[in-house]
Amino acid sequence: MSLAMKQQPSEEINLTPLSITKPQAKLYLSFMYVAFISLFIGGLMGLLQVLVRTGDFQLPLGIGYYQILTLHGVILALVLTTFFIIGFQYSLLGKTVGMSDKQRKLGWLSFWIMTIGTALTGTAILLGEANVLYTFYAPLKAHPIFYIGLALVVVGSWIAAFVNWHQVYVWKKAHPDQKTPLLAFMVTINMIMWVICSIGVAVAVLVQFIPWSLGYAETINVLLSRTLFWYFGHPLVYFWLLPAYMAWYAILPKIIGGKIFSDSLARLSFVLFLFFSIPVGFHHQLTEPGIDPTWKFIQVVLTFMVIIPSLMTAFSMFAMFETTGRKQGATGLFDWFKKLPWRDVRFVAPFVGMLAFIPGGAGGIINASHQLNTLVHNTIWVTGHFHLTVATTVILTFFGITYWLIPHLTGRKLTPRIHKLGIYQTIIWAVGMLIMSGAMHIQGLLGGPRRSSFSEYSGTEQAAEWVGYQTAQAVGGSLLFIGIVLMVYIFIDLVAFAPEGEEEYPIAEEEEDAEPTPRWMENWKLWIGITIALILFAYTIPMIDIIQNAPPGSPPFDGIL
Ligand code: HAS
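All values derive from a computational prediction rather than experimental measurement.

**A word on helix 7 (residues 222-250)**
- Across its 29 residues, helix 7 extends 42 Å between first and last C-alpha, which sits within 8% of the 42 Å expected from 1.5 Å per residue.
- At L241, helix 7 shows its maximal kink, close to 25 degrees; a proline, P243, follows between one and four residues later.
- If you check the start of helix 7, you find a side-chain oxygen 3.3 Å away from the backbone N of L223, and it comes from N221.

**Topic: the site of the ligand**
- Neighbouring the ligand are 37 residues, the closest being Y134, Y238, H377, H385 and R450.
- Here an oxygen atom of the ligand sits 3.1 Å away from a polar atom, N or O, in the main chain of A368.
- Between an oxygen atom of the ligand and a side-chain N or O atom of N373, the distance comes to 2.8 Å.
- Looking at the shell around the ligand, the elements that each hand over two or more residues are helix 7, helix 10 (293-327), helix 12 (345-368) and helix 14 (380-410).
- If you tally residues by element for the shell around the ligand, the top one is helix 12, at nine residues.

**So, the coordination of the iron atom of the ligand**
- No protein donor other than H385 (NE2) coordinates the iron atom of the ligand, and that contact is at 2.2 Å.
- Here H385 is to be found in helix 14.

**Some remarks on the nonpolar core**
- Core analysis: the biggest nonpolar cluster contains 185 residues, and F88, F136, F146 and F321 have the highest contact counts within it.
- If near-sequence neighbours (up to four positions away) are discounted, F146 is found in contact with T70, V74, T121, A124, I125, A130, V132, L133 and F136.

**Re the side chain of S310**
- By the element assignment, S310 lies in helix 10.
- Apart from residues lying up to four places away in sequence, S310 is in contact with L241, Y245, F273 and F357.

**Digging into the packing of aromatic side chains**
- All chains considered together, the criterion is met by 49 aromatic pairs.
- Grouping aromatic residues by their ring pairs yields a cluster made of F136, F146, Y147, W194, F209, W212, F229, W230, F232 and F239.
- Positioned above the aromatic ring of Y137, the side-chain terminus of R226 is 4.3 Å from the ring centre.
- Above the face of the F185 ring, R267 is positioned so that its terminal group lies 4.9 Å from the ring centre.

**Considering the UniProt feature "domain: Cytochrome oxidase subunit I profile" (unreviewed entry) in the protein chain**
- If you check UniProt for "domain: Cytochrome oxidase subunit I profile" (unreviewed entry), the listed places come out as residues 21-545 in our numbering.
- Overall, residues 21-545 shows 74% helix and 0% strand. The separation of its end C-alpha atoms is 53 Å.

**Observations regarding the confidence of the model for the protein chain**
- Overall, the predicted model of the protein chain reaches an average pLDDT of 93, with 96% of residues at or above 70.
- Predicted confidence for residues 1-17 stays below pLDDT 50, and this span has 28 contacts to residues more than four positions away or in other chains.

**Considerations on the environment of V132**
- Within the secondary structure layout, V132 lies in the loop between helix 4 (101-126) and helix 5 (144-174).
- With 64 residues separating them along the chain, V132 and I68 place their C-alpha atoms 10 Å apart.

**Looking at a nonpolar patch on the surface**
- On the surface, Y424, I427, V431, L434, I435 and V475 cluster together into a nonpolar patch covering about 550 Å² of accessible area.
- Residue contributions to the nonpolar patch peak at five residues, all from helix 15 (residues 416-445).

**Quick look at the side chain of D493**
- The residue D493 is located in helix 16 (residues 461-497) in this model.
- Every residue in contact with D493, bar those within four places of it in the chain, is listed here: R412, R417, I418 and A498.

**Re the pattern of salt bridges**
- In the structure shown here, the tally under the stated rule is 16 salt bridges.
- With a shortest N-O distance of 2.8 Å, K327 and E511 are connected by a salt bridge. In this pair, K327 is assigned in helix 10 and E511 in the loop between helix 16 and helix 17 (524-548), connecting sequence segments 184 residues apart.
- Connected through salt bridges with shared partners, the residues K172, K179, D263, R267, E510 and E522 form a single ionic network.

**Looking at unusual backbone geometry**
- The linkage connecting A138 with the following residue, P139, adopts the cis geometry, with an omega of 10 degrees.
- Residue placement: P139 occurs in the loop between helix 4 and helix 5.
- The backbone of L61 sits at a positive phi, close to 55 degrees, despite the residue not being glycine.
- Summarising the element assignment, L61 is placed in the loop between helix 2 (22-52) and helix 3 (65-96).
- The backbone of Y457 sits at a positive phi, close to 45 degrees, despite the residue not being glycine.
- Note that Y457 resides in the loop between helix 15 and helix 16.

Criteria and thresholds
Residues numbered from 1 in each chain as written. Predicted model: local features only at pLDDT ≥ 70, side-chain atom pairs only at ≥ 80, totals over all residues. Heavy atoms only, no water. Helix = DSSP H or I, 4+ residues; strand = E, 2+ residues; numbered from the N terminus. Expected span 1.5 Å × (residues − 1). Bend = angle between axes of the 7 residues up to and from the residue. Polar contact = N/O pair within 3.5 Å; in protein donor to acceptor, adjacent residues only side chain to side chain. Near = heavy atom within 4 Å. Donors = N, O, S within 2.8 Å, 3.2 Å for Na, K, Ca; no water. Core = buried A, V, L, I, M, F, W, Y, C linked by side-chain atoms within 4.5 Å. Buried < 20%, exposed > 50% of the residue type's maximum accessible area, 1.4 Å probe, protein only. Contact = heavy atoms within 4.5 Å. Phe/Tyr/Trp six-rings, centres within 6.5 Å; stacked < 30°, edge-to-face > 60°. Lys NZ or Arg CZ within 6 Å of the ring centre and 35° of its normal. UniProt positions renumbered as here; feature names shortened; annotations may be inferred. pLDDT = per-residue confidence, 0-100. Patch = residues over 30% accessible without salt bridge, like charges linked within 9 Å, V, L, I, M, F, W, Y side chains within 5 Å. Areas by Shrake-Rupley, 256 points an atom, 1.4 Å probe, with all protein chains shown as cover. Salt bridge = Lys/Arg side-chain N within 4 Å of Asp/Glu carboxyl O.

The structure is reproduced here in structure tokens:
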């Protein structure tokens, strides 16, 4: 019997709905500290990369390009995101369903395990012992500490997932007749998706990479390791996206003075993400030999299914903006647009993120189309795609959250000065990304490879064509670094220097006359059952094939220089 089931409701459970205590705030903030330190380190590496790729800058002190590229990818894509998300989600649950002292202590355990893991992985990279990039594709081999550190980050995040589910479970026990608050429902889904998908990378790391890097296994099944990675890697991108969607669906309406457009639609889109995020990893391996084309085709079809909940989200956002504007007196077809709070950085930053997702999402649809993928795969177009999606849509939404979450947790005010600085920060980010990501997309279409340092490729004409775009990327990347410095300054101000006061934790409500959300929306057994069935359908036969008909395994390559 679980802990919660043994407890009596209410008194012993120590629910703290709708208020965040100081010890809780300390836990949530700790995750944010790691996230913002990561932002600075990762951003600095990004700046160095774009400078190297102009051909006019050399890294000092024998530092290798692939060393900083690995640090950039790991620290931004894996560490910054995971820490921000877990800290944010803890705060969402603390606010909507409450957090007991026991849960908070387990929250600290998750924090420390993740932090130790990050330190180990970071050390391996800094020592030049793990030049394997964030996807750590075999047969590139890193020091075992790199993989052990990553495994610890995953284990810490699982503890966070179990704490989150326990928080919701305890609340549900105490409120059996009420629907789970929307944000708590969304966190539950995101963590179910995360745990199911990260089992793939955990198996790859524990069963394949660690024994191989320690020398216990001579060779590695390369295709199996990549397949397990992408079983994890695609849902990973939705693990980043869904917290941004949480803010779009359930927080932005409050900021713009509106209501949630549809609670049921929001929940349904999250359930669809759970179904279709995982059985689609092959769309990252479309050019990979050794996977039967039928199964690639099936996973491409499933990939097109995962576009639907994003289209539902786009519809929902337009509807929410329009209804809010009309309630505030807008008339005509597009007047509501003018009613949006254009001076409120808590709105502007995520809104620019949404705008970026229009080309970012369209690029994803291009990537997923098998024939077009052959044109863009392994080119820097893909890098352009993910700088629009994760590094703009997601990160600008996270910045938007930072403007109210941090002062709420530290008991300070978002001053007009910081507010204005935030608007400049958003503009700088948008312009920098437009230049950098735009140049990456074009250079990719001209054949420019991704994951590569500056090279003249023995003076070929085609490579000479790319240099102008690489210079443009350096201009955009430098603007982005200025954006990072501004954001870190804003963060420090909100943590330690802004005047004391109260900042709202904005959680939107439903319309008074909203249709009730159907009870079957919380049929967890059904949702998890369908998810597992889809995964088994999409992966069982190709996995057996990959294992049974594997070519000889590969001995390790000790990283790239
Ligand atoms: Fe992707 C590669 C396909 C979304 C991240 N993607 C990557 C990689 C990353 C990444 C990191 O099929 C590189 C991995 C690596 O290192 O190799 N991606 C897709 C598809 C989608 C998609 C189909 N990706 C994302 C998101 C990411 C992300 C989200 C991060 C957060 N991606 C691919 C494929 C590859 C790939 C292939 C492999 C390429 C290769 O060959 O290597 C879809 O989910 C996209 C659906 C999105 C939409 C947009 C909806 C728009 C919305 C905004 C509405 C705006 C409003 C504003 C309301 C259909 C919701 C109002 C505006 C007014 C004007 C008022």
